[in-house]
Amino acid sequence: MNAEIIVVGAGIVGSACAHQFARRGLDVLVLDSQRGGATAVGMGHLVAMDDNPAELALSRYSIELWRQWAPSLDPDCAYRNCGTLWLAANREELQAAEHKRETLSAQGIACQMLDASALRQAEPMLRKGLLGALKVSGDSILYAPNAAHWLLAQGGARITRRQDQVSEVDGNRVRLADGRWLTAEAVVLAGGIHASELCPELPIRAKKGHLLITDRYPGRIQHQLVELGYAASAHANTGTSVAFNAQPRPTGQIFLGSSRQFDSLDPQVEGPVLARMLRRALDYLPELGKLNAIRSWTGFRAATPDSLPLLGEHPQQPGLWLAVGHEGLGVTTAPGSAQLLAAHLFKEPAAIDPSPYLPGRFLPVPRPTEHSA
Amino acid sequence: MIELILDGLALRVAAGSTVAAALYLGGDGSSRTSVGDQRRAPVCGMGICQECRVSIDGQRRLACQTLCQPGMCVETHA
Ligand SMILES: Cc1cc2nc3c(=O)[nH]c(=O)nc-3n(C[C@H](O)[C@H](O)[C@H](O)COP(=O)(O)OP(=O)(O)OC[C@H]3O[C@@H](n4cnc5c(N)ncnc54)[C@H](O)[C@@H]3O)c2cc1C
């Protein structure tokens, strides 16, 4: 045995898993090749998403865990409880906002409708004519790469971190690029979009996203601003879509998303997609045109067919545990994912129903092998 | 020659000078102070690195991509 638990991948999900196991007194070896992943490039909006009950249960539970940790997070994690405003531009979106309010309230998530004038008062930079917004006060933002470091550091001596490329997994064993095999009680695969190189049977597709950040203009916006059409864009299964999503960075920068594209693995910033995304942003924040952008970049979300992560033991590989497929919500849902996985491993009751995230929904359990005479 | 104001002081530069050149001629060479409280200065000189962001007449501009104009007001501590 090289450790009690081996975690492949030190993004936010792998780090949250390592943290959880270390807290339960296990020695954890975290392997990461440092090839980089979504955690380093994403937006870090901790947001209650309600496209289906399982997504809402996991995001709500996870946001609560982030809130508990918030006072002890390092300052460079840049956690801010800025809240989200879901913006309604027309009557249907206003109805959608009201519907969202009911859904979130039913789960005990604090939220309230702002009418047009309350919205203008809260965010004067937004264009005139918006009908209102749903304010979700408990949503926050976080600088995820530093939060991942913080999670690993909390494990103290229980967590060992090594820079290593894993080239093969086989149940509770992993093979390193130099050919050596390492063994543990359990291996946790948290390799993000790269996990399917090690397990080609995983139903994971890359969804490319563009982001852009401005120079520092403190105080222009106060909340994470998202158009209500966002969920439709986020869950489209084909084509390229954009939606307005703007985040106030603690530095005063304005951080803009979002775009979604399938079937590209080219990290290049694409002018036409970025232009569409920015036109959308200008439609909501006309003054943006006077501000300077300083960087734009792209990242890849690991999308599953139902947009929910795979959390649990691989049905065909005893000893291999999956924590992958977090799509555009993995910074939010990392803490809850780690708790669910640990509960499985320790055969404890979980805080939320773990069944919607079980890998078996996509990976068939193998039939007993037939013996030929 | 063109006269502009750099951090409150008058500065004369040759016509056709960039603001980046003016920063070196008239100041400490820096364009701004970073969030980490470090002074920052032009690096690439071709509008890519974004290090030379500076306040010009109240607007954030790139010093290396902006030519000095008469009466221009450049602020590196804004
Ligand atoms: C544009 C964009 C915007 C986003 N915005 C948000 C947001 O606002 N809110 C939110 O909650 N989520 C957001 N997300 C999603 C979120 O960033 C991801 O879900 C999350 O970061 C996934 O974390 P992870 O740990 O699973 O994977 P990753 O961060 O990809 O980490 C995987 C790690 O595994 C390592 N690795 C991979 N293969 C191997 C191997 N064979 N051997 C060793 N190491 C390996 C990699 O080096 C990497 O460090 C966004 C994503 C994108 C792309």
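Just so you know, the residues in each chain are numbered from 1, in the order the chain's sequence is written. Written order decides the labels, with chains lettered from A and ligands numbered from 1. Per-residue local features of the predicted model are confined to residues with pLDDT of at least 70, and side-chain atom pairs are confined, for both listing and counting, to 80 or more; whole-chain, interface and lining totals are unaffected and use all residues. To obtain the side-chain values, all non-hydrogen atoms of the structure were used and water was disregarded.

Right, let's talk about the layout of surface pockets for a bit. Residues and elements named next belong to chain A. A pocket, in this scheme, is an open set of points on a 1 Å grid over the protein atoms alone with protein on both sides within 12 Å along at least 5 of 7 lines, while a cavity is a set where a 1.4 Å probe fits but cannot get out; residues line either one if an atom lies within 4 Å of a point. Grid points are joined across faces, edges and corners, and a volume is the space filled by probe spheres set on the points. By volume, the second largest pocket amounts to about 370 Å³. Along its surface, the second largest pocket is lined by 21 residues, and Tyr143, Ile213, Arg249, Gln253 and Phe255 are the ones closest to its centre. Comment: elements are numbered from the N terminus, with helices defined as DSSP H or I runs of at least four residues and strands as E runs of at least two. Breaking the lining of the second largest pocket down by element, the ones donating at least two residues are helix H5 (144-154) and strand E15 (253-262). Broken down by element, the residue count for the lining of the second largest pocket peaks at three residues, all from H5. By the convention adopted, Pro, Cys, Tyr, Trp, Phe, Met, Ile, Leu, Val and Ala count as nonpolar, Lys, Arg, Asp and Glu as charged, and the other residues, Gly among them, as polar. Looking at the lining of the second largest pocket, its residues break down into 12 nonpolar, seven polar and two charged.

Put simply, an interface is often sized by how much accessible area is lost when its parts join up. Residue and element names in this part refer to chain A. What the domain assignment reports for chain A is domain 1 (3-42 + 144-203 + 306-361) and domain 2 (84-137 + 205-302). Using C-alpha coordinates to define each centre, domain 1 is positioned 30 Å away from domain 2. Here, two residues are considered to be in contact whenever any of their heavy atoms come within 4.5 Å of each other. Contacts between the two partners involve 11 residues from domain 1 and, on the opposite side, 14 residues from domain 2. Roughly 860 Å² is buried in total at the junction of domain 1 and domain 2, and carbon and sulfur atoms are behind 58% of that figure. Accessible-area loss on putting two parts together, using a 1.4 Å probe and summing over both, is the definition of buried area adopted here. Broken down residue by residue, the surface that domain 1 buries against domain 2 is led by Val41, Ile193 and Glu327, which jointly contribute 63%. Whenever a carboxyl oxygen of Asp or Glu lies within 4 Å of a side-chain nitrogen of Lys or Arg, that contact is scored as a salt bridge. If you look at where domain 1 meets domain 2, you find two salt bridges. Between Arg260 and Glu327 there is a salt bridge, and its shortest N-O distance comes to 3.0 Å. Counted by class, the side of domain 1 that touches domain 2 contains four nonpolar, six polar and one charged residues. The split of the chain into domains comes from an automatic or database domain assignment.

Summed over the entire model, instances satisfying the criterion amount to 24 salt bridges over all chains. The partner of Arg101(A) in a salt bridge is Glu98(A), with the nearest N and O atoms 3.0 Å apart. Of this pair, Arg101(A) and Glu98(A) both sit in helix H3 (residues 91-106), three residues apart, roughly one helical turn. According to the relative accessible area criterion, Arg101(A) is partly exposed, its value standing at 27%. Close ionic contact of Glu51(B) with Arg32(B) constitutes a salt bridge, the shortest N to O distance being 2.8 Å. Of this pair, Glu51(B) sits in the loop between strand E4 (39-40) and strand E5 (53-56) while Arg32(B) sits in strand E3 (residues 32-33), and the two are 19 residues apart along the sequence. Arg32(B) matches Glu51(B) in its accessibility class, with the two residues each being buried. Through salt bridges with shared partners, one network takes in Lys207(A), Arg260(A) and Glu327(A). Here's how the labels work: a residue is buried when its accessible area is under 20% of the maximum for its type, exposed when over 50%, partly exposed in between, all with a 1.4 Å probe on protein chains only.

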